Amino acid sequence: MYAKPYWKGLLVYMTQTQFFIGIDIGTQGTKVSLVNDGGSIVTNSFVPSNLIRLDHGIVEQMPEEMFASVVDGMTEVMKRSGVEPGQVAAIGLDGQMAGIMGIDRDWNAVTPYDSWLDTRCEKYMPLIKEWGEEPFIRITGCPVTYAHGPKVLWWKHERPETYRKIEKFVLPTAYVAGRLAGLKADNAFIDYTHLHFSGFSDVSNHSWSDDLLDAFQVSKDKMPRIVNPWDIIGYLSKCYADKCGLLEGTPIVAGCGDTAATILGAGITTKGAILDVAGTASVLSCCVDEYKPDVNTKTLIYARSVIPGLWNPLAYINGGGQCLAWFRDLLAAQEGSLPFDELNAQAAHVRVGSDGIFFIPHFAGRACPNNPFLRGSWLGLNWSHRNGHMYRSILESIAYEYQGYLATLKQLIPGLHFTHVNVVGGGAKSELFNSIKADVMNVPYTTLNNSDTATVATAVIAGYGVGFYPDIADTMNRMVYPHSTVAPNPHHITNYQSYADCYHMLVEKLTPIYKAMDEGRGTFGHSHRVRSDS
């Protein structure tokens, strides 16, 4: 498959501390961490991304810039750390999941990276739905969205000359790993944590779906081989070893998607455990051991866990956390600097249910399930309401959405018991926010010792790939431990259940109102449809 270069020097250091490089190729930039064998980050680097935004929904990144950010990041952490090259035992990667790019036979990029933020492929989404959205979800685990399937069809039909040059479609992690190892297209790969976004895979069987490929006349030859996240896909070439201060022949493992890495790195390794990524996009994911795609509500994206036999169904609010920053910035523009701590303190004095206010956080439409007509709203305002009431209502709205995700999951898997929520992201710093979500979902909320979950997870996957760690889940669970825990308040649970029911009813009732506004946008103003992505 490939020639293994000389991997000399590592045995010399086997009695010393081992290190692993974890690389996260994110939307905002590339983060590279040097992680020791105990799971602590020795040092890291960050190189911002250059997102190219053009007309017609086009959002791209240049593959060469993406690759250079990884090389520069590895060079920086090795220089800064003082760690001997031979102590770095392996390299792992995670990255953006729903975008795609094409390479030729020699691993040269023949397309830019068609970002998950790119919406130009929207015209091909109805074709998939016409084929059958429900069977599509059963096969792929994912509702029709701005992911690989419609993107491949866009390149096939809109850029046929470029499409003919594409030997394989690959992801950012695979592109970078292949460049580092000097691979050819015959060795192109995709790990199984990305398959739900592929549009053409049978996710439960780890295979490409002949039915989907044939239906849309896409050649299976353009699809990469499917691998495990820990599989060694190649070895660091001399050229990039010299540039980065590493040894030629250092093993490179396939890695996984960034969401999969975040979930693993947060210690979500057992059935019933939940992860809340309390960031800009407010993502809630759970760990289960059954494949039950959400055909009916089309809310949950059913993704594979890194851990064999486990699944991570997830859903998210497109800009949920951003609503909090938006409100803070509005007030700060009038009242001067206003930190989140002050808003949390004001909201803490407001009663459960925000004294009758409900907030709808879907400023650009609802992503899960997709509803392009919804917009942001406050309902129930009266003269007594103040900043604290309005801010608390935003916190509660996100909790109500999360409660709806878990209700859907319970319908899919009757008897499922949720054990705890591990929370990461900026919102994890708010004890009030954590307590509200614990009360609404009736599940304890736990903050963690480490916030850099993705790069640590990829480092552990790399260590497992070279045989250093005997078990991924056990290793991760030793490295991740609670920092603080908030238990549900039994006096609030019943009240919050009725408020959550009211919230979901309001969302349903508002949809035809906003749809009418959208249809009459000449009167109400131009609207921009939501995109559903991860």
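Up top is the structure.
Residues numbered from 1 in each chain as written. Predicted model: local features only at pLDDT ≥ 70, side-chain atom pairs only at ≥ 80, totals over all residues. Heavy atoms only, no water.

### Some remarks on the overall build of the chain
Rules: Only DSSP runs of H or I covering at least 4 residues are called helices, and only runs of E covering at least 2 are called strands; the numbering of each starts at the N terminus. Each radius of gyration is computed over the set of C-alpha atoms, and the globule rule expresses the reference value as 2.2 Å times the number of residues to the power 0.38. The rule is simple: take the accessible area with a 1.4 Å probe, protein chains only, and divide by the maximum for that residue type; under 20% is buried, over 50% is exposed, in between is partly exposed.
From N to C terminus, the chain includes 16 helices and 25 strands. Against the compact-globule benchmark of 24 Å for 534 residues, the chain has a radius of gyration of 23 Å, which places it among compact chains. The C-alpha extent of the chain, read off along each of the three principal axes, is 75 × 50 × 50 Å. When the 534 residues of the chain are sorted by exposure, 60% land in the buried category.

### Some thoughts on the packing of aromatic side chains
The line we're drawing: Ring geometry is summarised as follows: Phe, Tyr and Trp rings, the Trp one being its six-membered ring, pair when their centres sit within 6.5 Å, and such pairs are stacked at plane angles under 30 degrees, edge-to-face over 60 and tilted between the two. Both a distance and an angle decide whether a charge sits over a ring: NZ of Lys or CZ of Arg must be within 6 Å of the ring centre and within 35 degrees of the ring normal.
What the rule picks out here adds up to 24 aromatic pairs. Ring centres of Phe359 and Trp378 lie 4.9 Å apart, and the angle between their planes is 55°; on these two criteria the pair is classed as tilted. Placement of Phe359 in strand S21 (residues 358-360) and of Trp378 in strand S22 (residues 377-379) is noted, with a sequence separation of 19 residues between them. Judged by its relative accessible area of 23%, Trp378 falls in the partly exposed class. Joined through ring pairs, the aromatic side chains of Trp326, Phe327, Phe359, Phe363, Trp378 and Tyr391 make up one cluster. The cationic tip of Arg120 hangs over the ring face of Trp154; the distance from NZ or CZ to the ring centre is 4.7 Å. Over the face of the ring belonging to Phe67 we find Arg179, whose NZ or CZ atom lies 3.9 Å from the ring centre.

### With respect to a nonpolar patch on the surface
The line we're drawing: Any residue with relative accessible area above 30% and no salt bridge may belong to a patch, with like charges joined within 9 Å and the nonpolar Val, Leu, Ile, Met, Phe, Trp and Tyr side chains within 5 Å. Computed with a 1.4 Å probe, the accessible areas rest on the Shrake-Rupley method; for each residue, only the protein chains presented here act as cover. Any Lys or Arg side-chain nitrogen found within 4 Å of a carboxyl oxygen on Asp or Glu counts as a salt bridge.
Where nonpolar side chains cluster on the molecular surface, the patch consists of Trp326, Leu330 and Phe363 and spans about 250 Å² of accessible area. Counting through the fold element by element, Trp326 comes out in helix H9 (residues 320-335).

### Examining the sheet that holds strand S25 (residues 482-486)
Under the convention used in this document: At least two DSSP bridges between two strands are needed for those strands to be called paired. Angles shown run from 0 to 180 degrees and are taken between the N-to-C directions of axes, each axis being a line fitted to C-alpha atoms and, for helices, limited to the stretch in contact. In this description, contact between two residues means that some pair of their heavy atoms is separated by no more than 4.5 Å.
Read from one edge to the other, the open sheet built from seven strands follows the order S19-S20-S18-S17-S23-S24-S25, with strand pairing classed as mixed. Of all the strands in the sheet, just strand S19 (301-304) and S25 have a single pairing partner and so form its edges. Within the sheet, the average angular offset between the axes of one strand and its neighbour, ignoring direction, is 25°. Of the strands in this sheet, strand S17 (273-277), strand S18 (283-286), strand S23 (420-424), strand S24 (445-448) and S25 are in contact with helix H12 (residues 431-441), which crosses S24 at around 140°.

### Some thoughts on the pattern of salt bridges
Side-chain pairing between opposite charges can occur once the charged atoms of the two side chains come close. Inspection of every chain in the model, using the stated rule, returns 18 salt bridges. Note that Asp242 is salt-bridged to Lys238, the shortest N-O span being 3.1 Å. Of this pair, Asp242 and Lys238 both sit in helix H7 (residues 238-244), four residues apart, which is roughly one turn of that helix. Residue Asp242 is classed as exposed on the basis of its relative accessible area, which comes to 51%. In this structure, the salt-bridge partner of Glu290 is Lys292, at a minimum N-O distance of 3.3 Å. Here Glu290 falls in the partly exposed class, since its relative accessible area comes to 27%. Since its relative accessible area comes to 31%, Lys292 is described here as partly exposed.

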